[in-house]
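Secondary and tertiary structure notes
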Amino acid sequence: MHARPLVLAASAAAALLLAGCAPDAASEDAPLTVTDPWVKTAVPEDMMSAAFGTLTNTTDEDITVVAATSDVFPTIELHEVVDGAMAPVEGGFDIPAGESLTLEPGGYHLMIMELPEAIEAGDQVDLTLELSTGATVDLTATAKDFDGGNEEYHGSDMDMGSSE
Amino acid sequence: MTGLSRRRLLLGGAAAGAGAAATLGAARAGLIPVALPDPGPDAAGVNGERTVPFHGPHQAGVTSAPGAHAVYLAFDLLRGTDRERLAAWLRLLSDDAARLTQGRGALADLEPELAVRPAGLTATFGLGREAVRRAGAEAPAWLGPLPAFPQIDALEQRWSGGDAVVLLHGDDPTSIAHLARMIVRDSRSFATLRWRQAGFRRAYGSDPSGTTMRNLFGQVDGSTTPRPGDAAFDSAVWAGSEAPAWLRGGTSLVLRRIAMDLEGWDEVGVDGREASVGRRLSDGAPLSGGAEKDPIDLEARDASGFTVINPAAHAARAHVADPARGIVRMGFTYDDPVESGATDSRGRPAVSHVGLLFGSWQRDVDAQFVPMQRRLAQADLLNTWTTPVGSGVWAIPPGCEEGGFVGETLFG
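Because the structure is predicted, anything quoted here is derived from the model rather than measured. (Residues numbered from 1 in each chain as written. Chains lettered and ligands numbered in written order. Predicted model: local features only at pLDDT ≥ 70, side-chain atom pairs only at ≥ 80, totals over all residues.)

**Things to note about the overall build of chain B**
For chain B, the helix and strand inventory stands at 10 helices and eight strands. Here the C-alpha radius of gyration of chain B, 22 Å, is about what a compact globule of 412 residues would show, namely 22 Å. For the C-alpha atoms alone, the extent of chain B along its principal axes is close to 65 × 55 × 45 Å. With 412 residues in all, chain B has 46% of them scored as buried. In chain B, the proportion of contacts linking residues at least 24 apart, taken out of those at least 6 apart, comes to 77%. (Helix = DSSP H or I, 4+ residues; strand = E, 2+ residues; numbered from the N terminus. Rg over C-alpha atoms; globule rule 2.2 N^0.38 Å. Buried ≥ 20, exposed ≤ 12 C-beta atoms within 10 Å, placed from the backbone. Contact = placed C-beta atoms within 7 Å.)

Spelled out as structure tokens, the structure:
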């Protein structure tokens, strides 16, 4: 009678481990890994969109993400939301050695400033992050319909230069 | 909580459960509730973190035991959802399911806290004829509405059809609701929600695992259906070389929403109830003798020379000797609010709106489901109190590996 509970306990423990954190597919060699990248759907009339995800510094050195680029979108800025208003992050995103930075609605994000074409739900959007070292990290963000995160559009009146 | 303390809790809980099970054995045989010593609070939440792998050769909702709760969602594709957009939609849905069934928040999930108790959550995706057409793939001949069964059908569009279907089942209704929410949210650009139907079985922990469900007629329902892992299950369910290549390793789903006339059933005594199905109400054993899982003997005769099992009993009419020609059924009870103006079979204001979400898996709907349904439509004593009010048929593609998505075989 006692063998079964032991087996149950072992399999339950294994299940707990599996449920804990499955790493996303990412190169283990990259200085920076990107987990769960996604981008908000938008049409050109929206003028802008934003991309999110978790950036993890896998190295022993601090990393700064200084820029983001794309073959499709001419201008991508590194932004954060402060007091409900969007502002460019001076100098880029600093990610200390071994730590992570989460880009999320209402916080840090990659701001896509012009939309030559719509970003439709389910699109796979290729973006590239540039690091201060000159290294680059490619990522593919999944486009999701998302009604939240609109605080960044308020108050700025589309005029990034005047927003704080 | 440390691994050690959780392990201790799990062991403690399981050992206590084993003792309780022994105590219960005798009581269960007669279905007599007994007072048990209070086992104390379940400090482990032992079932909440249970996960069923999403990835694999078959879809997880087919190969796993039915959960305590189920939600079916049916969708109609928007006009603009072409082959490419259909693939994008299915990829999004698989991504949501792959994360939430494993206890992780979906992408762009504002309530990831809801994901951490999957409790065996599974998601299973099915495609109707129109979706297969949009993908430009070959549809199996059986993919489409069932033939009409005019003797019994009272089908309503609001419970029927759909270009695609999603079945969510698991033991926790909150985690099911959250995955359903993510799926409908991620479907808006591709499809409209056609209907949603929810059902349940006994709560997790009420019955020992594997106990055959009871429907709201009180009947033990599904005694002979093959279980995942049985050879009979495999032979009945998995599509092989006879199916289009994209469907191999998949199956089909027939969903019948069957209204149950509880007020009419009230008028029937125990003998009549047991005769209508051919099984004992107390334990589901065939009236021809033996225990629940024993084969039913349709030839057994009583002292007067009549068959013990009425030839028109449900179990007699549904009986299939070769499991490969049969179906695998998975029922969930529904108990919905009484609808405005509804009346019962005697014309009184209705006081119940209950029935069964009768789901079945089979390789080939025309070869397995339809002949059985035809027999039941021609004669089945249970038809007196049951009415199919919804119906749908979908192809269930095989499972996918990590990085893939269910339905990818359509686009190969």
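**Examining unusual backbone geometry**
One non-glycine residue, Asp-36 of chain A, lies in positive phi territory at about 55 degrees. Tracing the backbone shows Asp-36 of chain A in strand S1 (residues 32–40). We classify Asp-36 of chain A as buried; it has 21 C-beta atoms within 10 Å. Phi is positive for Ala-119 of chain B, which is not a glycine, with a value near 50 degrees. The residue Ala-119 of chain B is located in the loop between helix H3 (83–100) and strand S2 (122–127) in this model.

**Considerations on helix H10 (residues 365–378) of chain B**
Residues and elements named next belong to chain B. Over its 14 residues, H10 runs 18 Å from end to end, which matches the ideal 20 Å to within 8%, given 1.5 Å per residue. Every buried residue belonging to H10 is among Val-365, Gln-368, Phe-369 and Gln-373, and all of these are buried. All buried residues of H10 lie within an arc of 110 degrees about the axis, which places them on one face of the element. Each element contacted by the buried residues of H10 is listed here: helix H6 (231–237), strand S5 (251–260), strand S7 (354–362) and strand S8 (386–396). (Expected span 1.5 Å × (residues − 1). Arc of directions from axis to C-beta.)

**A short note on the environment of Ala-321 of chain B**
Within the fold, Ala-321 of chain B resides in the loop between helix H9 (314–318) and strand S6 (328–335). With 26 residues separating them along the chain, Ala-321 of chain B and Pro-295 of chain B place their C-alpha atoms 9.8 Å apart.

**Concerning the nonpolar core**
The biggest cluster of nonpolar side chains holds 127 residues, and the ones touching the most others in it are Leu-110 of chain A together with Tyr-72, Leu-73, Val-165, Leu-168 and Leu-179 of chain B. By residue number, the principal contributor to this core is H3 of chain B, which donates nine residues. Discounting chain neighbours no more than four positions away, the residues touching Leu-168 of chain B are Ala-70, Val-71, Leu-121, Ala-123, Ile-176, Leu-179 and Ala-180 of chain B. (Core = buried A, V, L, I, M, F, W, Y, C linked by C-beta atoms within 7 Å.)

So yeah, pure geometry; function would need other evidence.
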